[in-house]
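Structural overview for review
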Amino acid sequence: MEYSVQDSDEQLLRTMAVGDTEAMTAFYRRHETRVYRYLLSKLNDSFVAADLLNEVMLEVWRSAARFAGRAKVTTWMLGIAHNKVMTHWRKQGAREFTDLDDNLTDDTPAADLEQALAAVKDGQVLRACMQTLSPPHREILHLVFFEELDYAEIASILQIPEGTVKSRVYHAKNLLKKQLARAMRSS
Amino acid sequence: MNKIDEQLNLWANGRLPEAERQALEKKMAEDPALAREAEFLKALRQTVQNEPVTPPGELGLARLQKAMREEPDEAPEMPPRKNFWKPVAIAACLMVAVQAALLLGPTLWKGDTAVDISPASGEGIPAGPRLQIAFAPETTAADIQAAVLSVNGSIVAGPSALGVFRLGLPEGVSTEAAVETLQAFEFVDEVIAP
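Residues numbered from 1 in each chain as written. Chains lettered and ligands numbered in written order. Predicted model: local features only at pLDDT ≥ 70, side-chain atom pairs only at ≥ 80, totals over all residues. Heavy atoms only, no water.

- An unreviewed UniProt entry annotates chain B as Anti-sigma factor RsiW originating from Microbulbifer rhizosphaerae.

- For chain A, the name recorded in an unreviewed UniProt entry is RNA polymerase sigma-70 factor (ECF subfamily), with Microbulbifer rhizosphaerae as its organism.
- Taken directly from UniProt, the Sequence similarities (unreviewed entry) text for chain A runs: "Belongs to the sigma-70 factor family. ECF subfamily." (UniProt positions renumbered as here; feature names shortened; annotations may be inferred.)

Regarding the overall build of chain B
- The number of helices and strands found in chain B is seven helices and six strands.
- Listing each helix as α and each strand as β along chain B from the N terminus yields α-α-α-α-α-β-β-β-α-β-β-α-β.
- Going through the 194 residues of chain B one by one, you find that 32% of them count as buried.
- Put simply, of all contacts in chain B between residues at least 6 apart along the chain, 65% involve residues at least 24 apart.
- Of the roughly 12600 Å² of accessible surface on chain B, 58% is carried by carbon and sulfur atoms. (Helix = DSSP H or I, 4+ residues; strand = E, 2+ residues; numbered from the N terminus. Buried < 20%, exposed > 50% of the residue type's maximum accessible area, 1.4 Å probe, protein only. Contact = heavy atoms within 4.5 Å. Areas by Shrake-Rupley, 256 points an atom, 1.4 Å probe, with all protein chains shown as cover.)

Side note on the overall build of chain A
- Helix and strand counts for chain A come out as nine helices and zero strands.
- In chain A, the succession of helices and strands from N to C terminus is α-α-α-α-α-α-α-α-α.
- A total of 187 residues make up chain A; the buried ones form 54% of that total.
- Across chain A, every contact between residues at least 6 apart in sequence was considered, and the portion connecting residues at least 24 apart equals 65%.
- Carbon and sulfur atoms provide 49% of the accessible area of chain A, an area that totals close to 9000 Å².

Considerations on the interface of chain A and chain B
- Each partner contributes residues to the interface: chain A has 44 residues there, and chain B has 35 residues.
- Buried area between chain A and chain B, both sides added, is near 3900 Å², and the carbon and sulfur share of it is 59%.
- Area buried by chain A at its contact with chain B is led by Asn54, Phe145 and Glu148 of chain A, which between them contribute 17% of it.
- At the boundary of chain A with chain B, the tally comes to 10 salt bridges.
- Between Lys177 of chain A and Glu37 of chain B there is a salt bridge, with its nearest N and O atoms 2.8 Å apart.
- Viewed at the interface, chain B and chain A are joined by 23 residue pairs in polar contact (both at pLDDT 80 or more).
- Among the elements that line the side of chain A that touches chain B, the one with the most residues is helix α2 (residues 21-43) of chain A, at 10 residues.
- For the side of chain A that touches chain B, the residue count by class is 23 nonpolar, six polar and 15 charged. (Buried area = accessible area lost by both parts, 1.4 Å probe. Salt bridge = Lys/Arg side-chain N within 4 Å of Asp/Glu carboxyl O. Polar contact = N/O pair within 3.5 Å; in protein donor to acceptor, adjacent residues only side chain to side chain. Nonpolar A, V, L, I, M, F, W, Y, C, P; charged D, E, K, R; others polar.)

Thoughts on the sheet that holds strand β3 (residues 130-135) of chain B
Residues and elements named next belong to chain B.
- Strand order in the open sheet formed by four strands is β4-β5-β3-β6, and the pairing between neighbours is antiparallel. The sheet terminates laterally at β4 (154-157) and β6 (188-192), the two strands that pair on one side only. On average, each strand axis in the sheet is inclined to that of its neighbour by 40°, with strand direction left out of account.
- Pairing of β3 with strand β5 (residues 164-168), which is carried by five bridges, proceeds in the antiparallel orientation. (Pairing = 2+ DSSP bridges. Axes fitted to C-alpha atoms, helices over the stretch in contact; angles between N-to-C directions.)

Focus: the packing of aromatic side chains
Residues and elements named next belong to chain B.
- Counted under the stated rule, the structure contains four aromatic pairs over all chains.
- Their ring planes at 75° and their centres at 5.5 Å tell us that Phe135 and Phe165 sit as a pair that is edge-to-face. Here Phe165 lies in strand β5 and Phe135 lies in strand β3, a separation of 30 residues in the sequence. The pair Phe135 / Phe165 is uniform in exposure class, with both members buried.
- Considering the side-chain rings of Phe185 and Phe187, the 5.2 Å spacing of their centres and the 40° angle between planes classify their relative orientation as tilted.
- The cationic tip of Lys42 hangs over the ring face of Trp11; the distance from NZ or CZ to the ring centre is 4.6 Å. (Phe/Tyr/Trp six-rings, centres within 6.5 Å; stacked < 30°, edge-to-face > 60°. Lys NZ or Arg CZ within 6 Å of the ring centre and 35° of its normal.)

Focus: unusual backbone geometry
- In this structure, Asn44 of chain A takes a positive phi of about 60° despite not being glycine.
- Structurally, Asn44 of chain A can be placed in the loop between α2 and α3 (46-63).
- Phi at Asn152 of chain B is positive, roughly 55°, even though this residue is not glycine.
- With respect to the helices, strands and loops of the structure, Asn152 of chain B is situated in the loop between α6 (141-150) and β4.
- In this structure Asn152 of chain B comes out as exposed when scored by relative accessible area, which is 60%.

A short note on helix α6 (residues 123-132) of chain A
- When we look at burial in α6 of chain A, the residues that qualify are Leu126, Cys129 and Met130 of chain A. All buried residues of α6 of chain A lie within an arc of 105° about the axis, which places them on one face of the element.
- In this structure, the buried residues of α6 of chain A make contact with α5 (113-120), α7 (135-145) and α9 (162-186) of chain A together with α3 (32-50) of chain B.
- A distance of 2.9 Å separates the backbone nitrogen of Gln124 of chain A from a side-chain oxygen at the start of α6 of chain A, and that oxygen is part of Asp122 of chain A. (Arc of directions from axis to C-beta.)

Focus: the nonpolar core
- Met16, Phe27 and Leu39 of chain A are the most contacted members of the largest nonpolar core, which totals 81 residues.
- Residues Leu169, Ala178, Val179 and Val188 of chain B belong to the second largest nonpolar core, which totals 16 residues. (Core = buried A, V, L, I, M, F, W, Y, C linked by side-chain atoms within 4.5 Å.)

Structure (structure tokens):
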């Protein structure tokens, strides 16, 4: 059976739940870039991101029947991706960044907004500055400005309180501005 | 780190509700620093959205399809049968019935006729063969009625403490056919013809 853009994500999941592989193909083509981008924002490693993309999609295939419709399909899927990364880090014995203190006050002087504004328009500079941030800060900026999610949706994906999302976004933006301003000064 | 922080993000993403958007833009008009912050966020969103990325594409899809083929066939798992005791109970009941008939037989039966036993209701008990039947726990009275009527039978005994009924069938009815008819009902757990 051919699937089109008119088929909602929920419809595809329902068909996948009864074993329709064509529905899974349509779902993969629709969401591959989104999941891959998200994984890349967390991992900063295209090979691992490709591996985990496969794992996430396989998990979606296995769990299609269990999708309860309490959240949007994309929120549910990115939640699976988040968990896959956490499991990957645990297997690697890597720091999970769960000890990131989002309530720490930043006493360093604020960045020069004009310098940051000039630098943020350059894709290469932005990419380089994002890479200096911690994975949770990169991830949260991705969820806000690429996925365009609100704080409640992000809290649901990351399984953290909304207040933590709020403070993490605030710190991530400030850190990014400082990196951008520094990049601008050194160019 | 206040409410306006999230509002600015939503504004940059074009997701702020109209009334809030107007109110925020009014504030921006009065506060140049706020306006520059909003401009920064809009530029950040724009650059992030334009960031090129090359996902695995068809190769990734082929890899996924291979992994899906290697998945074990997930046939729905049937829960293990919990009421395994029912056939045992039916067999035990049968044994007791046979023993009782053998022990009491000489005094109660003369030739081929029961002499002292008749139903208190005065209705005749079907003279045909008997079946023992047990139903699934969630079976309703209507289900049981449908099953009994499907073989023109009547309940002559039961349910026992273990939920076993004895059905009487009309004379001349094929026991095998009746068993087959009853077993076709999903809610019938066991049917045994003595």
